[in-house]
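# Inside the fold
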Amino acid sequence: MIRRIWGMLYRHLAMYRRSWPRLAEIAYWPTLNMLIWGFTSSYIAQAHGAPRAVAAGALIGGVLLWEIMLRGQLGVTIGFLEEIWSRNLGHLFVSPLRPGELLGALMLVSAVRTALGLLPATIIAYLLYRYDIFAPGPVMLLFFINLLVMGWWVALGIVSLLFRYGAGAEALAWTIAFGITPLACVYYPLAALPAWLQPLAQALPAAHIFEGLRAALLTHTTDWRQFALATGLNALWAALAIGVFALEFRRARVRGALLAIGE
Amino acid sequence: MDAIRVENLVKRYPHTLAVDHISFALAPGQILGLLGGNGAGKTTTIAMLLGLLVPSAGRITVLGHDMARDRFAALARMNFSSPYIALPARLSVYENLVVYGHLYNVPNLKRRIAELAEQFHLTTLLNRPAGELSAGQKTRVALAKALINQPELLLLDEPTASLDPDTGDYVRGVLEEYRRARGAAILLASHNMGEVERLCDNVLMLKTGRIVDRGPPAELIARYGREDMEQVFLHIARSAEL
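Residues numbered from 1 in each chain as written. Chains lettered and ligands numbered in written order. Predicted model: local features only at pLDDT ≥ 70, side-chain atom pairs only at ≥ 80, totals over all residues.

### A closer look at the overall build of chain A
A count of helices and strands for chain A gives ten helices and zero strands. Counting helices and strands in the order they occur from the N terminus, chain A gives α-α-α-α-α-α-α-α-α-α. Rg of the C-alpha trace for chain A: 19 Å, near the compact-globule value of 18 Å for 263 residues, within the 12% margin. Seen through its principal axes, chain A has C-alpha atoms that stretch 60 × 40 × 30 Å. Here chain A holds 263 residues, and 44% of them are scored as buried. The long-range share in chain A, meaning contacts at least 24 apart out of those at least 6 apart in sequence, stands at 77%. (Helix = DSSP H or I, 4+ residues; strand = E, 2+ residues; numbered from the N terminus. Rg over C-alpha atoms; globule rule 2.2 N^0.38 Å. Buried ≥ 20, exposed ≤ 12 C-beta atoms within 10 Å, placed from the backbone. Contact = placed C-beta atoms within 7 Å.)

In structure tokens:
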């Protein structure tokens, strides 16, 4: 199993090594986002004084952390789409590679992509805005992991849609996660949402992660309740996504969709 | 133990019966040709043998493994090549073979790749991106990938498509030698009737999802009173009774 996962990881690393546009794409958007929101935060801090500076810091932290979810999701879905674009899925699915191993490899690729993609943005945040994402301490690592896992189960849902609707559903790979953003409470507290929308937001791990992040930045405390809620919801959504993936993969094998998934 | 045993295999789509109760077996060391016009059910049958497609009814056993319950054990011992499925274009030939070597858990991978490179005249192409190769070179790489795990069963879809006559003849020689040396079974779907006559011990003639005739090429040629398999194929394809 480990060797097959390594084989797929090697396949993607070899591809990135030979394609600078793909490498550039990994870091381009997080860096651009950091520049835009970073300058916006600096402006707010300068115009309104120290109390707002902390809020502006939360904004920069939100941008960086939300990128983890977005990059995590894109890492898996783009990895899967790469196999469709290269017409290689047929070879993979008739090899001893299990679908779970393929996903495991894509998750590792996604983790590497996310780390590489966020590195320039993290450095920019520190150099230009004196913002240190690691300042709250090791607890940030727990938030990172939760957001990455959320990105993975969203990706599993998108890959399931690709099995069901073929490459025609490709546009969803780029847009679905952005659609979740209003409910993720990245840039504002949960209380800022209308009352009727709050239960929906609370069903997502992201809302709890960002509530926890704001607590860590504003009051220098770790809200373990929010962390536990986020972790529990992640486990629940991940289990659901795995179930949907298994079902759609089986259906694709019944319909013959694996033979024409690129269409 | 047969390399392939197919019993009453059916694939039904909402508006089509793609494969209609076919049964056959392929013994180790034998080459079986799967022949038929477009839409005859060849691709569907191969997809079911590979586990890409779930049959509507019937049973497939590959190398003693029931494909409905234990397909990964069978997939590790077989391999497949088709010019209609590509390898990642950005990766070099060597990198592609490394990837599949890992997927098939090939021991002494570097040595195996060197052997295949020599066998398929790929040594000078190993560092070239797969996407920059000619169609014939790609076919040779695909065949090298198909032999990387020294499979006991090889499924080949048009293995010499896009190859010039000289290279095509060479590849047919490699396949014959591989079958002889490894005792491997080969299932071959081809529209090249000369290739079928040369390689196949038996052929299945498919039409609208059914097996309409079967036997060794020489026997079929004699039975239909034709000169070669090309004429037998045309007779069966155009015959309304079959």
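### Details of the overall build of chain B
When its secondary structure is counted, chain B shows nine helices and ten strands. What you see for chain B is a C-alpha radius of gyration of 18 Å, in line with the 18 Å of a compact globule of 242 residues. Considering only C-alpha atoms, chain B reaches an extent of 55 × 40 × 35 Å along its principal axes. Counting only contacts in chain B whose residues sit at least 6 apart along the sequence, the fraction spanning at least 24 positions is 66%.

### Some thoughts on the pairing of strand β1 (residues 4-13) of chain B
Residues and elements named next belong to chain B. Inspection of the sheet shows β1 paired to strand β2 (residues 16-26) by seven bridges, in the antiparallel sense. Considered in β2, the bridge of arginine 5 is made with alanine 25. The antiparallel hairpin formed by β1 and β2 contains two residues in its connecting segment. Where β1 lies against strand β4 (residues 57-62), five bridges are found, and the strand directions are antiparallel. In the strand pairing of β4, arginine 5 is matched with threonine 61. (Pairing = 2+ DSSP bridges.)

### A closer look at the sheet that holds β4(B)
Ordered by their spatial adjacency, four strands build an open sheet running β2-β1-β4-β5 (chain B), and the pairing between neighbours is antiparallel. Every other strand in the sheet has two partners, leaving β2 and β5 (65-66) of chain B as the edge strands with one partner each.

### A closer look at the domain arrangement of chain B
All names here are of chain B. The domain boundaries assigned to chain B delineate domain 1 (26-54 + 65-77 + 154-242) and domain 2 (86-150). Computed over C-alpha atoms only, the centres of domain 1 and domain 2 are separated by 24 Å. Among the elements that line the side of domain 1 that touches domain 2, the one with the most residues is helix α6 (residues 165-182), at five residues. Grouping the amino acids of the side of domain 1 that touches domain 2 by side-chain chemistry returns eight nonpolar, two polar and two charged. (Domains from an automatic or database assignment. Nonpolar A, V, L, I, M, F, W, Y, C, P; charged D, E, K, R; others polar.)

### Some details on the nonpolar core
Core analysis: the biggest nonpolar cluster contains 150 residues, and B:Leu153, B:Leu155 and B:Leu188 have the highest contact counts within it. It is helix α6 (residues 139-165) of chain A that provides the largest number of residues to this core, a total of 15 residues. No fewer than three residues from each of domain 1 (26-54 + 65-77 + 154-242) and domain 2 (86-150) of chain B sit in this core. Those residues in contact with B:Leu153 that sit more than four places away from it in its chain are B:Ala3, B:Ile4, B:Val62, B:Leu63, B:Arg77, B:Met78, B:Ala184 and B:Ala185. (Core = buried A, V, L, I, M, F, W, Y, C linked by C-beta atoms within 7 Å.)

### Considerations on the interface of chain A and chain B
Facing 26 residues of chain A, the contacting portion of chain B comprises 25 residues. Elements with a contribution of two residues or more to the side of chain A that touches chain B: α1 (2-17), α4 (89-93) and α10 (224-255) of chain A. The greatest single-element share of the side of chain A that touches chain B, amounting to eight residues, is contributed by α1(A). When the residues that make up the side of chain A that touches chain B are grouped by side-chain class, the tally is eleven nonpolar, eight polar and seven charged.

### Some points on the environment of B:Met229
All names here are of chain B. Tracing the backbone shows methionine 229 in helix α9 (residues 229-238). Each C-alpha atom, one on methionine 229 and one on glutamate 197, is 6.8 Å from the other, the two residues being 32 residues apart in sequence. Residues in contact with methionine 229, not counting those within four places in the same chain, are Met193, Val196, Glu197, Pro217 and Ile221.

### Brief notes about the environment of B:Leu17
Residues and elements named next belong to chain B. Tracing the backbone through its elements, the reader meets leucine 17 in strand β2. Measuring from C-alpha to C-alpha, the distance between leucine 17 and glycine 41 comes to 9.2 Å, with 24 residues separating the pair along the chain. Dropping the residues within four chain positions of it, leucine 17 is found in contact with Arg12 and Gly209.

### Side note on the sheet that holds strand β3 (residues 31-35) of chain B
Residue and element names in this part refer to chain B. The six strands lie next to each other as β6-β7-β8-β3-β9-β10, forming an open sheet whose pairing is mixed. Looking at which strands have only one partner, the edges of the open sheet turn out to be β6 (78-81) and β10 (210-215). Neighbour to neighbour, the strand axes of the sheet diverge by 15° on average, direction disregarded. Of the strand pairs in this sheet, strand β7 (residues 153-157) and strand β8 (residues 185-189) are connected by five bridges, and their pairing is parallel. The partner of leucine 155 across the bridge, within β8, is leucine 187. Seen against the sheet, helix α5 (residues 135-147) touches β6 and β7 and runs at an angle of roughly 170° to β6. (Axes fitted to C-alpha atoms, helices over the stretch in contact; angles between N-to-C directions.)

### A word on α10(A)
All names here are of chain A. Over its 32 residues, α10 runs 46 Å from end to end, which matches the ideal 46 Å to within 8%, given 1.5 Å per residue. Turning to α10, its buried residues are Gln226, Phe227, Ala230, Leu233, Asn234, Trp237, Phe245, Glu248 and Ala252. The first or second residue beyond α10 is glycine 256, which carries a positive phi of 80°. (Expected span 1.5 Å × (residues − 1).)

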